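# A look at the structure
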Amino acid sequence: MTVQPAVVVYEVGPRDGLQNEPEAIATADKLELVDRLARSGLCRIEITSFVSPHWIPQLADADEVAGRAARYDGVRYSALVPNLKGYERLRAAGLAVAALFVSASETHNRKNVNCGIAESLERFRPVAERARADGVGLRAYVSTVCGCPYEGAVAAEKVAELAAKLIALGVDEISLGDTIGIGHPGQVRELVRTVSSAVPLSRIALHLHDTYGRALANVQAGYETGVRTFDASLGGLGGCPYAPGASGNVATEDVVDLFERAGVATGVDLSALVDTTAWLEAHVLERLLPGRVLRARLGLRDRTRRGAA
Ligand code: HMG
Ligand code: MG
């Protein structure tokens, strides 16, 4: 019998999704969201961001969310960290993984963190040293890998070079971010091949936004090229505030359903996840999210209920 390799579905909705919400969301709702996600079998969750509250007011309660989120065996929480100050906040809150972030294009990096790529790497050096000494895991995003909203095309070689520098700093995992969701399957295959000539394939994750509706196809392309970790956001929530027009990540429900139907175990309880996203829509956001499997499953439940009545 052939045993399919498992994949990690890395939930980033509480961070990448909520950082973009126009309305303030109560800290208690964020805590309930994280708790529900952890209980649905997601074992990697990015729960908030230790960036400047002036830049991202939506996540100004990061210290409280990270400090109070219920911990579960086998579930690792991460948060974005742009500098040493962010790392110190993460450490005080006791999170397991710090997620650094840098763009492959200068202009997006400046818009996002107010400095150039080389300076971002310098800011990461003391964070990486501290994380290693403290036993904290390190993930790093490279953004704009398939194209930049300000500069256009981005060479895969440039992404590979940056990924290699991050691995040399001590990063465990590089998440390649198609920030504006412009990539296509052929490009994702080529990108993964190029980056994996500079860093081990097992350290590469994909973070695919869905602006052009190709994120799920890009997940499949990444899987076929050997990637086994995929970032996703419940219901497809989110975007990047410094990449105008970009929509949310590929929906977590769509990724889980794609893999489970192909016999690739994710460890995620899809029904519990759909319940969580439906709760978020109805009780917190008061609007519908775009995830396709979510809409299909909720529509089916609705029709079944009406049929039974
Ligand atoms: P700056 O204004 O250049 O920072 O911002 P500064 O060092 O000059 O400090 C200014 C003030 O911010 C000071 O406070 C600092 O203490 C404070 P003041 O003296 O004025 O009261 N400060 C901080 N406060 C809290 N936590 C910190 C921190 N650092 C400084 N860590 C900075 C530089 C990096 C802080 C700012 O640009 C920033 O916070 N940017 C974050 C932008 C962001 O979060 N973007 C969205 C996430 S990236 C993304 O979504 C892409 C991704 O999903 C992957 C993909 O899709 O490709 C990851
Ligand atoms: Mg993102």
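Look a little higher up for the structure.
All of the points below concern the structure found in this document.

Definitions and limits used
- Residues numbered from 1 in each chain as written.
- Chains lettered and ligands numbered in written order.
- Predicted model: local features only at pLDDT ≥ 70, side-chain atom pairs only at ≥ 80, totals over all residues.
- Heavy atoms only, no water.
- Buried < 20%, exposed > 50% of the residue type's maximum accessible area, 1.4 Å probe, protein only.
- Helix = DSSP H or I, 4+ residues; strand = E, 2+ residues; numbered from the N terminus.
- Pairing = 2+ DSSP bridges.
- Donors = N, O, S within 2.8 Å, 3.2 Å for Na, K, Ca; no water.
- Contact = heavy atoms within 4.5 Å.
- Axes fitted to C-alpha atoms, helices over the stretch in contact; angles between N-to-C directions.

## Description of the pairing of strand E5 (residues 137-143)
When you tally the buried positions in E5, you get seven out of seven residues, the bulk of the element. Covered by surrounding structure in E5 are Gly-137, Arg-139, Tyr-141 and Ser-143 together with Leu-138, Ala-140 and Val-142, the residues of both alternating faces. By the bridge criterion, seven bridges tie strand E4 (residues 97-103) to E5 in an arrangement that is parallel. Directly across from Val-97, in E5, lies its bridge partner Gly-137. Both E5 and strand E6 (residues 173-178) contribute to a ladder of four bridges, which runs parallel.

## Digging into the coordination of the magnesium ion (ligand 2)
Protein-derived coordination of the magnesium ion (ligand 2) comes from Asp-16 (OD), His-207 (NE2) and His-209 (NE2), at a distance range of 2.1 to 2.3 Å. Summarised as a motif, the one-chain spacing of the donors to the magnesium ion (ligand 2) is D-x190-H-x1-H. Judged by its relative accessible area of 2%, His-209 is buried.

## Regarding helix H9 (residues 215-224)
Given 3.6 residues per turn, any residue in an α-helix points the same way as the ones three and four places further on. For H9, every residue scored as buried is listed here: Ala-215, Asn-218, Val-219, Ala-221, Gly-222 and Tyr-223. In this fold, the buried residues of H9 make contact with E6, helix H8 (185-195), strand E7 (204-208), strand E8 (229-232) and helix H10 (252-261). Once H9 finishes, Gly-226 follows within two positions and takes phi at roughly 110°, a positive value.

## Quick notes on the sheet that holds strand E2 (residues 44-49)
If you trace the eight strands once around the closed barrel, you get E1-E2-E3-E4-E5-E6-E7-E8, paired in parallel fashion. Neighbour-to-neighbour, the strand axes of the sheet open up by a mean angle of 25°, direction not taken into account. Relative to E4, strand E3 (residues 76-80) runs parallel, the two being bridged by three bridges. Counterpart to Leu-80 in the pairing with E4 is Ala-99.

## Thoughts on the environment of Val-250
Looking at where Val-250 falls in the secondary structure, it is placed in the loop between E8 and H10. In this structure Val-250 comes out as buried when scored by relative accessible area, which is 3%. For Val-250, the contacting residues outside a window of four places in its chain are Leu-208, His-209, Asp-210, Ala-215, Leu-216, Val-219, Asp-231, Ala-232, Ser-233 and Val-255.

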